[in-house]
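Spelled out from the first residue to the last, the chains are:
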Amino acid sequence: MNAPRKLPIGIQSFKDLREKNFLYVDKTAYLSRLVNNSKVYFLSRPRRFGKSLFLSTLAAYFLGQKELFKGLYLEQAEEEQAVQEQRTAWLEYPVFYLDFNIGQYLESEALSERLDSLLKEQESLYSILVAKEEKPFFASRFERLIKAAYQQTGKQVVILVDEYDKPLLQTMGVNEELNEHYRNTLKAFYSVIKTCDQYIRFAFLTGVTKFSKISIFSDLNNLKDISLHESYAGMCGISQKELEINFQPEIQALAQKQGLDYAEALAALKQWYDGYLFHPAGEGMYNPYSLLNVLDDKEIKSYWFGTGTPTFLVNFLKEAHYYIPDLDGNVELDEEGLQTYRAVAQDAFPILFQAGYLTIKEYISDLRLYRLGFPNNEVRYGFLHNLLPAYSDVPFGQTGVWIGRFIQDIRKGNVDEFMERLKSIISSISYDTFTEQNLKLREQNYQTAVYLVFSLMGQFAQTEVHCYGSAATDGGGSTQQRCFGGAETRSQNYTRMYSFDDAKGRADCVVKTADTVYIFEFKLSDNDSAEDALNQIKEHRYAEQYKADSKKIVLIGSSFDEHSRTIKEWKTEVLKNHGSAAQDMG
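Please read all numbers here as calculations on a predicted model, not as lab measurements.

Parameters and conventions
Residues numbered from 1 in each chain as written. Predicted model: local features only at pLDDT ≥ 70, side-chain atom pairs only at ≥ 80, totals over all residues. Heavy atoms only, no water. Pairing = 2+ DSSP bridges. Helix = DSSP H or I, 4+ residues; strand = E, 2+ residues; numbered from the N terminus. Axes fitted to C-alpha atoms, helices over the stretch in contact; angles between N-to-C directions. Parallel < 35°, antiparallel > 145°, perpendicular 65-115°, else oblique. Left-handed = near helix turned anticlockwise from the far one by under 90°. Contact = heavy atoms within 4.5 Å. Nonpolar A, V, L, I, M, F, W, Y, C, P; charged D, E, K, R; others polar. Core = buried A, V, L, I, M, F, W, Y, C linked by side-chain atoms within 4.5 Å. Buried < 20%, exposed > 50% of the residue type's maximum accessible area, 1.4 Å probe, protein only. Lys, Arg positive; Asp, Glu negative; His and termini not counted. Salt bridge = Lys/Arg side-chain N within 4 Å of Asp/Glu carboxyl O. Polar contact = N/O pair within 3.5 Å; in protein donor to acceptor, adjacent residues only side chain to side chain. Phe/Tyr/Trp six-rings, centres within 6.5 Å; stacked < 30°, edge-to-face > 60°. Lys NZ or Arg CZ within 6 Å of the ring centre and 35° of its normal.

## Concerning the sheet that holds strand E9 (residues 359-364)
The three strands lie next to each other as E8-E10-E9, forming an open sheet whose pairing is antiparallel. Single-partner strands in this sheet number two, and they are strand E8 (331-334) and E9. Averaged over neighbouring strand pairs, the angle between their axes works out to 35 degrees when direction is ignored. As defined by bridge partners, E8 adjoins strand E10 (residues 369-373) across four bridges and the pair is classed as antiparallel.

## Considering the packing of helix H2 (residues 28-37) against helix H4 (residues 73-85)
In the contact formed by H2 and H4, the axes pass within 9 Å of each other and the chain directions differ by 25 degrees. Taken together, the axes of H2 and H4 are roughly parallel relative to one another. As H2 packs across H4, the resulting crossing turns out to be right-handed. Contacts from Thr28, Ala29, Leu31, Ser32 and Asn36 of H2 reach H4 at Tyr73, Leu74, Ala77, Gln81 and Glu85. The class makeup of the residues in the contact of H2 with H4 is five nonpolar, four polar and one charged.

## A look at the nonpolar core
Of all hydrophobic cores here, the largest spans 134 residues; its most connected members are Phe204, Leu327 and Phe520. Here this core gets nine residues from one element, more than from any other, and that element is helix H20 (residues 439-457). Among the nonpolar cores identified, the runner-up in size contains 40 residues, and Ile159, Tyr190, Leu220 and Leu223 belong to it.

## Let's talk about the pairing of strand E2 (residues 95-99)
The buried fraction of E2 is high, at four of five residues. Here five bridges tie E2 to strand E3 (residues 157-162), and the two strands are oriented parallel to one another. Among the inter-strand pairings, Val95 is bridged to a residue of E3, identified as Val158.

## Considering the side chain of Arg45
Considering the arrangement of structural elements, one finds Arg45 in the loop between strand E1 (40-44) and helix H3 (51-62). Within the buried set, Arg45 has no salt-bridge partner at all; the shortest N-O distance to an opposite charge, 7.2 Å, is to Asp225. Among the polar contacts made by the side chain of Arg45, one reaches the main-chain carbonyl oxygen of Tyr232 at a distance of 3.4 Å. Among residues more than four places away in sequence, those in contact with Arg45 are Lys51, Gly207, Val208, Ser227, Tyr232, Ala233, Cys236, Phe278 and Gln354.

## Topic: the sheet that holds E3
What the five strands build is an open sheet, ordered E2-E3-E4-E1-E5; its pairing is parallel. Looking along the sheet, the strands with just one partner apiece sit at the ends: E2 and strand E5 (224-225). As paired strands, E3 and strand E4 (residues 200-207) are joined by five bridges and run parallel to one another. Its bridge partner being in E4, Leu160 is matched across the sheet by Phe204.

## Structural notes on the packing of helix H11 (residues 248-258) against helix H13 (residues 288-297)
Packing of H11 against H13 leaves a shortest axis separation of 8 Å and a crossing angle of 55 degrees. The angle between the axes of H11 and H13 places the two elements in the oblique class. Handedness of the H11/H13 crossing: left-handed. Between H11 and H13, the contacting residues are Glu250, Ile251, Leu254 and Lys257 on the first element and Val294, Leu295 and Asp297 on the second. Across the contact of H11 with H13, the residue classes break down as four nonpolar, no polar and three charged.

## Description of the environment of Leu186
Tracing the sequence through the fold places Leu186 in helix H8 (residues 176-190). A relative accessible area of 0% places Leu186 in the buried class. As a C-alpha pair, Leu186 and Phe217 span 31 residues in sequence and 8.7 Å in three-dimensional space. For Leu186, the residues in contact, after removing those within four places along its chain, are Leu111, Tyr164, Leu168 and Ile216.

## Examining the packing of aromatic side chains
If you walk through the whole model with that rule in mind, you get 35 aromatic pairs. Measuring from ring centre to ring centre gives 5.9 Å for Tyr61 and Trp90, while their planes differ by 65 degrees; the resulting arrangement is edge-to-face. Of this pair, Tyr61 sits in helix H3 while Trp90 sits in the loop between H4 and E2; the two residues are 29 residues apart in sequence, bridging distant segments of the chain. By the burial criterion, Tyr61 is buried, and Trp90 matches it. On the basis of an interplanar angle of 40 degrees and a centroid distance of 5.6 Å, the ring pair of Phe418 and Phe520 is categorised as tilted. Of the two residues, Phe418 sits in helix H19 (residues 415-427) while Phe520 sits in strand E17 (residues 516-522), which places them 102 residues apart along the sequence. Ring pairing ties together the aromatic residues Phe14, Tyr24, Tyr41, Phe54, Tyr61, Phe62, Phe69, Trp90, Tyr93, Phe202, Phe204 and Tyr232, which thus form one cluster. Over the face of the ring belonging to Phe22 we find Lys6, whose NZ or CZ atom lies 4.5 Å from the ring centre. When the ring centre of Tyr391 is taken as origin, the NZ or CZ atom of Lys318, which lies over that ring, is 5.7 Å away.

## Digging into unusual backbone geometry
In the Ramachandran plot, Arg541 falls in the positive-phi region, its phi being about 55 degrees despite a non-glycine side chain. Within the fold, Arg541 resides in the loop between helix H21 (530-539) and strand E18 (552-561). Among the residues examined, Arg541 registers a relative accessible area of 54% and is labelled exposed.

## Some points on helix H14 (residues 311-319)
For H14, the full list of buried residues reads Phe312, Leu313, Val314, Phe316 and Leu317. Taken together, the buried residues of H14 touch helix H7 (166-171), helix H16 (349-354) and helix H17 (377-387). Just downstream of H14 lies His321, where phi reads positive at about 60 degrees.

## Section: the pattern of salt bridges
Any two side chains of opposite charge can pair, given that their charged atoms come close. If you walk through the whole model with that rule in mind, you get 25 salt bridges. One salt bridge connects Glu242 with Lys27, and the closest N-O pair in it is separated by 3.0 Å. With Glu242 in helix H10 (residues 240-246) and Lys27 in the loop between helix H1 (14-19) and H2, the pair connects residues that are 215 residues apart, well separated along the chain. Summarising the burial analysis for this pair, Glu242 and Lys27 share the class buried. Lys51 is the salt-bridge partner of Glu163, the closest N and O atoms lying 3.2 Å from each other. With a gap of 112 residues between them, Glu163 in the loop between E3 and H7 and Lys51 in helix H3 connect regions that are remote in the sequence. Among the residues examined, Glu163 registers a relative accessible area of 9% and is labelled buried. Residue class for Lys51 comes out buried when judged on its relative accessible area of 3%. Among the charged side chains, a salt-bridge network with shared partners connects Asp116, Lys120, Glu123 and Arg141.

By themselves these figures say nothing about function.
Set out below in structure tokens:
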């Protein structure tokens, strides 16, 4: 039996990866294109998407480490380019690798300490002495270092910056004063890249967030942003073609472990980890961190989302009263909106996009608008999992337990227990900040909590959930919908109004288990009863399309008590052999 191949999980050193024979998906064609086309680049990609490994690959190239590229695209391409340019191949340059992944930046001196450490390491190599009073002037020290390296080696320098924005992301929404201080410090520091242009051979900066005209890169008019460039859309991440060419044995092993055939395993991987799009005409990319982990563990579950919780983004969404179902394919931004740097409660969508929680689902060319949504199931369920505690009294860390109980109720046919549990969640929602004039916003929190419960149920096998309203289809072909009526959502780039009765001939929610179809209708007004909701299901023939399945069909009509702000009553009715049995509860 062949030994399992070595998957590069967490490997960020190209040298280490190549020397220790880890599996490598060749991305060096992108490197060749970069170094021969321009000089100073910026790339935004989500966490754990291969940015650090690509920077390490660039460092190996500019250090002339030819032996590491044996058998890769660049091995021959560099030789051919050198002949064309009449130069020696594999030239070695001074390389400054500035890594901000290291450290926590919540303390006021943390960034200063990191910059001092990075500069001190390089200054010692070029015998640069720094007086005590000069230490805080990081931009001046950086400029002097670049010039010294050029003068002592006779070669231009290479600057590689990994996760430039980590200090900003860690303080954003936590300590805005410190965040602003960091912005000013880094803006001055990176401005050196422009003033020292004649001494620089190549510069490449990476991060999660992109920049705008008011960001720390505003002085760098020589910086080429390739974050949404079609030619570089596949530079980080793994494409479908790369997956099938490079990982066939691992996919087969996953299929065998999960009791699937090869095609089913591929489909599951696509549904859970694919879907990131970095240009409307580009191909979908898999999250490499999640993909490598699932192929190693042979278990389909959440990997990437567990490495970081966007608490401040969750809070921003709640404070701004965003209509949460819209996150699943109905967020629209223009190109300027996508590049907005600051994450604020009035406009959190750009950061959600840049951080990988949303991705491009569609480009409306005549309007120049991007439609965004969750890229895949891992992100969809991970994000909604974090939202439920924010909209109810479900404790953080207990979402899975609560959703598991809902699933068990519905699989056992315990509708009353299911509705009691749902009622307890609705009862826990705080309405203190809403006035009678903000009735729609009050109702929206109720709708959101119900939507989250039903959506999170849909991640489990043998439980199919549909919440109906205005539909939005994801890249994998599944349909996620708005449900439960109306709300108004606003941001700087987007406004949409919803009506309370836009279900258009379909029930609010349908849950299908192995032997039963549950059809839910929710009424939000004191003027409507559970009986009215049940009658609507029957009058509009919502159950008709499910009768051919020979499954038991259960209708659930529910009403809302505006005074107590929770579910008032519900009524169930079982359709069987064209007969029915009704039961009142509440």
